[in-house]
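Summary of the model geometry
Chain by chain, the residues run as shown.
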Amino acid sequence: MTGLTPWRAAAGLAMVLQAGAGSASAVETRPLRVMSLDQCGDQYALALAPGAALALSPRADDPDAWLREAAAGRRRVRPTLEAALAFQPDVVVRYWGGDARLLARLKASGARVATIRDATDFAGVRENIHAVAGALDAAPRGEALIARMDARLREASPRPGERKRSALYLTAGGFTAGRDTLVGAIFRAAGLVNAAAAPGFAPVSVERIALAPPALFVFGFFDQSRGDWRGPGRHPVVRATAKDRVVARLPAASLTCPGWFAAEAAQMLKAGG
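The structure contained in this document is the topic of the report that follows. Given the structure is predicted, the values throughout are model-derived calculations rather than measurements.

Between two cysteines, a covalent bond joining their sulfur atoms is known as a disulfide. Tallying each qualifying case throughout the model produces one disulfide. Each disulfide pairs two cysteine sulfurs, and for cysteine 40 the partner residue is cysteine 257, the sulfurs being separated by 1.9 Å. Across the disulfide from cysteine 40 to cysteine 257, rotation about the S-S bond amounts to roughly 50°, and the bridge is consequently right-handed. A residue pair is termed long-range when its members are at least 10 positions apart, and cysteine 40 in helix 2 (residues 39-48) and cysteine 257 in the loop between strand 11 (246-250) and helix 10 (262-272) qualify at 217 residues. Given the relative accessible area of 4%, cysteine 257 is considered buried.

Put into structure tokens, the structure is as follows:
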């Protein structure tokens, strides 16, 4: 039996090492794979990892998605176990999407799961940005996003000595938002006094508005023509009462997710005031 000469053996070893190095390089250069399980996760993934291989939710380009234009042409998948197994994400971003079975399987597979928390103020939004940016290894983008949000908040803040006015936040469905809500934080950022004194979200009746009309209104979600089109907020009495009293009409896209774009809503209040 003829053995390999030292030269042939060395050449063969070099080829093996080169092939191994090529495989390692391919693994290292593979784009980060990011899966979003809901519309809020879509916004964070698009803003913080635009160069990644993204699998967005089916609602990524809906009218109430802040970055709907950036979602154009991106892959969409349903937040199911089957879709996750096929895509094999490195990082999963979610707000409310994904059931316990799916999340457990994703974590068991080694995927990092970044959960966006409910935020009742802009400090909570900053925490969300830091958390998701950390999971995506995108700390510089996260800091840039926070800096942009803080700049918007500075622009929206009231001037010294500026008179504060009271306004009632009202959705087309007839709900308001008081203390301990992100809407309340948006009001504070713009120097508005929230006419809803109670904490959290609560319904507002047409009768209450008719009998004790607020000085001003801030409308939210009224741009969704198909949503709550017969809701209390669209009642003729409310329309008549609110005439010439609406500070701003905040688009649904600025309110559906505890994200940095809530600062844009504060700017809208400032501009309308």
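Right, let's talk about the sheet that holds strand 2 (residues 53-56) for a bit. Strands sit in the order 3-2-1-4-5 across an open sheet of five strands; the sheet is parallel. The sheet is open, and its two edges are formed by strand 3 (75-76) and strand 5 (112-115), each paired on a single side. Bridge count between strand 2 and strand 3: two bridges; the pairing is parallel. If you follow alanine 55 over to strand 3, its bridge partner there is arginine 75. Helix-sheet contacts for helix 5 (residues 122-135) involve strand 4 (91-94) and strand 5, and the interaxial angle to strand 5 is about 165°.

Moving on: the environment of glutamine 224. Along the chain, the position of glutamine 224 falls in the loop between strand 10 (217-220) and helix 9 (236-242). For the pair glutamine 224 and alanine 252, spaced 28 residues apart in sequence, the C-alpha separation works out to 7.2 Å. At 3.4 Å, the side chain of glutamine 224 and the side chain of aspartate 64 are in polar contact.

Looking now at the side chain of asparagine 128. As for its position among the elements, asparagine 128 is in helix 5. A distance of 2.8 Å separates a polar side-chain atom of asparagine 128 from the backbone nitrogen of arginine 117. For asparagine 128, the contacting residues outside a window of four places in its chain are Tyr44, Thr115, Ile116, Arg117, Ala119 and Pro258.

On to helix 4 (residues 100-108). Turning to helix 4, its buried residues number three or more, namely Leu102, Leu103 and Leu106. Seen from one end, helix 4 has its buried residues packed into an arc of 95°, which puts them on one side. More than 90 degrees from the buried face of helix 4, the exposed residues found are Ala100, Arg101 and Ala108. Positive backbone phi, approximately 100°, marks glycine 110, located one or two places after helix 4.

So, about the nonpolar core. Ranked by internal contacts, the top residues of the largest apolar core, which has 56 residues, are Val34, Tyr44, Phe122, Val218 and Leu269. Residue contacts for valine 34: discarding those within four places in its chain leaves Ala45, Ala49, Ala52, Ala53, Leu54, Ala55, Phe87, Val91, Val93 and Leu136. Ranked by size, the runner-up nonpolar core spans 13 residues in total, among them Met35, Val77, Leu103 and Ala111.

Below, the discussion takes up the environment of serine 205. Mapped onto the secondary structure, serine 205 falls in the loop between strand 9 (201-203) and helix 8 (206-211). Accessibility expressed as a relative area gives 34% for serine 205, which makes it partly exposed. Through-space distance from the C-alpha of serine 205 to that of glycine 174 is 7.0 Å; in sequence the pair is 31 residues apart. A polar side-chain atom of serine 205 sits 3.0 Å from the main-chain amide nitrogen of arginine 208.

About the criteria used
- Residues numbered from 1 in each chain as written.
- Predicted model: local features only at pLDDT ≥ 70, side-chain atom pairs only at ≥ 80, totals over all residues.
- Heavy atoms only, no water.
- Disulfide = S-S within 2.5 Å.
- Helix = DSSP H or I, 4+ residues; strand = E, 2+ residues; numbered from the N terminus.
- Buried < 20%, exposed > 50% of the residue type's maximum accessible area, 1.4 Å probe, protein only.
- Pairing = 2+ DSSP bridges.
- Contact = heavy atoms within 4.5 Å.
- Axes fitted to C-alpha atoms, helices over the stretch in contact; angles between N-to-C directions.
- Polar contact = N/O pair within 3.5 Å; in protein donor to acceptor, adjacent residues only side chain to side chain.
- Arc of directions from axis to C-beta.
- Core = buried A, V, L, I, M, F, W, Y, C linked by side-chain atoms within 4.5 Å.

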